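Residue-level structural notes
So the chains spell out like this:
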Amino acid sequence: MNHITRKAIESDIPAIYNLISEFYIDFHRGKIVPLEFHHFINFKSNSEEIQNSALKYVNDATFFTFVAEVDTRICGYITGYILAQPEMELDKAGIIEEWFVTEKFRGKEIGKNLYTKLVDIFTENKCSHIEVSAFYQNEKTLKVYEKLGFSPIRIELMKKCS
């Protein structure tokens with residue numbers, strides 16, 4: 001499938017908003033995170049937070065955001081940033097904040113091309129390592145990350161206060 005991968009621009013914000021919304025809809029349908037855990041991940045105002053994220057990913061110079069287009073339709077995005085950690089042995093992390101391709105376009109190298117663009121930025125900026133996180137129930141994504149060479153390092157646990 002022919003597609004292009006490019007740096008996100010201001011006019012991409014509505015499409016990025018839609019992709020972030022699609023990702024969160026998967027949460028709300030219980031596909032990724034079971035419904036009984038949604039209170040740990042839900043925003044008080046989903047649409048406002050999603051809009052703020054889309055704006056930040058494109059307009060904040062600390063973020064590197066790329067989109068993938070098929071026939072002028074944006075079907076995926078990846079965004080990340082660089083985090084200096086001078087106290088650590090591996091002292092400069094490339095953080096993949098979000099990475100999503102709409103379901104119809106998965107398995108067509110689009111996600112891999114988005115990933116490669118962001119990794120190139122991390123490499124150019126001499127990052128010592130790359131970090132990414134996923135919900136532990138998202139087994140498909142975890143398998144993709146493992147195929148890319150990532151190893152599980154920590155697990156975050158949550159509990160509501162009584």
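The text that follows walks through the structure, step by step, so that each part is easy to find.

Conventions we followed
- Residues numbered from 1 in each chain as written.
- Predicted model: local features only at pLDDT ≥ 70, side-chain atom pairs only at ≥ 80, totals over all residues.
- Heavy atoms only, no water.
- Phe/Tyr/Trp six-rings, centres within 6.5 Å; stacked < 30°, edge-to-face > 60°.
- Helix = DSSP H or I, 4+ residues; strand = E, 2+ residues; numbered from the N terminus.
- Buried < 20%, exposed > 50% of the residue type's maximum accessible area, 1.4 Å probe, protein only.
- Polar contact = N/O pair within 3.5 Å; in protein donor to acceptor, adjacent residues only side chain to side chain.
- Contact = heavy atoms within 4.5 Å.
- Pairing = 2+ DSSP bridges.
- Axes fitted to C-alpha atoms, helices over the stretch in contact; angles between N-to-C directions.
- Salt bridge = Lys/Arg side-chain N within 4 Å of Asp/Glu carboxyl O.
- Expected span 1.5 Å × (residues − 1).

Focus: the packing of aromatic side chains
Going through the model one piece at a time under the given rule, you end up with eight aromatic pairs. Centroid distance Phe63 to Tyr81: 5.4 Å. Interplanar angle 65°. Geometry classified as edge-to-face. Taken as a pair, Phe63 in strand S2 (residues 63-70) and Tyr81 in strand S3 (residues 73-84) lie far apart in primary sequence, 18 residues in all. The exposure class assigned to Phe63 is buried, which follows from its relative accessible area of 10%.

Some details on the side chain of Asn138
Relative to the assigned elements, Asn138 resides in the loop between strand S5 (129-132) and helix H4 (139-147). Relative accessible area serves as the criterion here: at 15%, Asn138 is assigned to the buried category. Within polar-contact distance, the side chain of Asn138 engages the side chain of Thr141 at 3.1 Å.

Remarks on the environment of Thr5
The topology assignment puts Thr5 in strand S1 (residues 4-7). According to the relative accessible area criterion, Thr5 is buried, its value standing at 17%. Along the sequence, Thr5 and Val101 sit 96 residues apart, while their C-alpha atoms lie 12 Å from each other. For Thr5, the residues in contact, after removing those within four places along its chain, are Phe66, Val67, Ala68, Asn113, Leu114 and Lys117.

Observations concerning unusual backbone geometry
With the exception of glycine, the majority of residues adopt a negative phi angle, and the majority of peptide bonds are in the trans configuration. Phi is positive for Asp71, which is not a glycine, with a value near 50°. Even without being glycine, Glu109 reaches a positive phi, approximately 75°.

Topic: the sheet that holds S1
Taking strand neighbours across the sheet as the criterion, the five strands line up as S1-S2-S3-S4-S5 in an open arrangement whose pairing is mixed. In this open sheet, the two strands that pair with only one neighbour each are S1 and S5. Strand-to-strand twist across the sheet, computed as the mean angle between neighbouring axes with direction ignored, equals 25°. Pairing of S3 with strand S4 (residues 92-101), which is carried by nine bridges, proceeds in the antiparallel orientation. Residue Leu83 lies in a different strand from S4, and its bridge partner there is Ala93. Together, S2, S3 and S4 form the strand contacts of helix H2 (residues 46-59), whose direction differs from that of S2 by roughly 100°.

Digging into the pattern of salt bridges
Under the definition given, this model contains three salt bridges. Its salt-bridge partner being Asp12, residue Arg6 comes within 2.7 Å of it at the nearest N-O pair. Look at Arg6 and you get partly exposed, because its relative accessible area is 21%.

Comments concerning helix H3 (residues 110-124)
With 15 residues, H3 ought to run about 21 Å at 1.5 Å a step, and its terminal C-alpha atoms sit 21 Å apart, in line with that. Restricting attention to buried positions, one finds in H3 the residues Ile110, Gly111, Leu114, Tyr115, Leu118, Val119, Ile121 and Phe122. Lining the buried residues of H3 we find S1, S2, S3, S4 and S5. Immediately downstream of H3, the backbone of Lys126 shows phi near 55°, a positive value.

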